[in-house]
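Architecture at a glance
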Amino acid sequence: METFKKTALCVLVSASLVACGGSDDDSDKVSATPASLTTTSDIAKAAAGIQAAKTIADVVINNSVDTIEEVITEGKAEKDISCGTSPSAGKFKVTANTSTASYTKDGTIVSSMCLENGEKFDGTLSYQCNDAKCDNASLVATNLVWGDTSKAVDLKVNGSSTWSVTSMPQDDFRGSASITKSGVSTTFSSYDRLVTQYFAKNQIVGYGGLTVSGGSATNCVDGTYAYSVKNSLIMNSGTQRISGGVIRISSGGNSEGPESGTVTFNSDGSVKVKLPSGMEATVSKAEFESYCGLKEAYDFSEK
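All of the points below concern the structure found in this document. (Residues numbered from 1 in each chain as written. Predicted model: local features only at pLDDT ≥ 70, side-chain atom pairs only at ≥ 80, totals over all residues. Heavy atoms only, no water.)

Looking only at helices and strands, one finds three helices and 17 strands in the protein. Restricting the contact set of the protein to residue pairs at least 6 apart, pairs at least 24 apart contribute 52%. Looking at the protein as shown, the accessible area adds up to about 13,000 Å², and 50% of this sits on carbon and sulfur atoms. (Helix = DSSP H or I, 4+ residues; strand = E, 2+ residues; numbered from the N terminus. Contact = heavy atoms within 4.5 Å. Areas by Shrake-Rupley, 256 points an atom, 1.4 Å probe, with all protein chains shown as cover.)

What follows is the structure in structure tokens.
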């Protein structure tokens, strides 16, 4: 898909990366309770929540984008397509977007409890490209689900995403992403928006804020917190797992608010957490990914 070009320029200051386009209009922000982030464990859970939210939104939306483009390319749009071999396995339908003749592979997918090969797909994604190369696109997800029936895990997205290529390729997400494990859910709602900017090949930056509810279901921290990238994050192809870089976390919705802690991502999957007091702790990969449904979200990114 042509939207995922990762070439750009940004500003580096003394080894710290300043995310481009960081100013925000406050008009669509809502009041929220700041998360209690006082320990290294709290900060690690907040970082896991950030990664889980971004990963869920990205993989669920882009899995449906890939299906839309594939169905249109194969000439199967405008038809009901059965899922699996059972009559009760559901169906889906892709409708091509004829209003953007310059890009011929965008459209809308509607899935109706589609069950196939141990996976579940449900809900709607509207995908519209605004130029010939799809360097500018708008996407709207409504109860969009990608699930693993064998593991009783569902990822769900409601909201909108925009992709644009200007001085730096950028993806903005507004809405909610949730994970349900064995019937209990944690929901991550964007506080204003989640911004991911593609700084260079396999390097991303960004900022945003989250409100987390139902955190006890996945050992996550409830409340609102925000983040910004201090040193570009390393994300290799084929996964959303982060193997380098630093993020700054603050309680409340302002990514430039008082610092609650920083998290350094290590190449072995562990993270190092540092509080403003100077206290530090290293959290293993297994422990870090056990927070907030992060391991399950990461696993979907590698399907």
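In this structure the tally under the stated criterion is 14 salt bridges. Note that Glu296 and Lys181 form a salt bridge whose closest N and O atoms lie 3.1 Å from each other. With Glu296 in helix H3 (residues 294-301) and Lys181 in strand E9 (residues 170-181), this pair connects stretches of sequence that are 115 residues apart. We note a salt bridge from Lys274 to Glu280, for which the minimum N-O separation is 4.0 Å. For Lys274, a relative accessible area of 37% gives the class partly exposed. When salt bridges with common partners are traced through the structure, they connect Arg241, Glu289, Lys295, Asp299 and Glu302 into a single cluster. (Salt bridge = Lys/Arg side-chain N within 4 Å of Asp/Glu carboxyl O. Buried < 20%, exposed > 50% of the residue type's maximum accessible area, 1.4 Å probe, protein only.)

Bringing the layout of surface pockets into the picture now. Its volume calculated, the second largest pocket comes out at about 360 Å³. In terms of lining, the second largest pocket is formed by 22 residues, of which the most central are Thr67, Phe92, Cys114, Glu116 and Phe121. Elements represented by at least two residues in the lining of the second largest pocket include exactly helix H1 (40-73), strand E3 (80-82), strand E5 (107-116), strand E6 (119-129) and strand E7 (136-148). Top element by residues in the lining of the second largest pocket is H1. It accounts for five residues. Each residue belonging to the lining of the second largest pocket can be placed in one class, and the counts come to nine nonpolar, seven polar and six charged. (1 Å grid on protein atoms, 1.4 Å probe; cavity = no way out; pocket = protein on both sides within 12 Å on 5 of 7 lines; lining within 4 Å. Points joined across faces, edges and corners; volume = space filled by probe spheres on them. Nonpolar A, V, L, I, M, F, W, Y, C, P; charged D, E, K, R; others polar.)

A separate point is the packing of aromatic side chains. A complete count under the given rule lists four aromatic pairs for this structure. Between Phe265 and Phe288, the aromatic rings sit 6.1 Å apart at their centres with planes inclined by 75°, giving edge-to-face as the arrangement. Of this pair, Phe265 sits in strand E15 (residues 261-265) while Phe288 is found in helix H2 (residues 285-289), placing the two residues 23 residues apart along the sequence. In this pair, the class of Phe265 matches that of Phe288, namely buried. Through pairs of rings, three or more aromatic residues link up here, namely Phe121, Trp146 and Phe300. Here Lys303 stacks its cationic end above the ring of Phe300, 5.1 Å away from the centre of that ring. (Phe/Tyr/Trp six-rings, centres within 6.5 Å; stacked < 30°, edge-to-face > 60°. Lys NZ or Arg CZ within 6 Å of the ring centre and 35° of its normal.)

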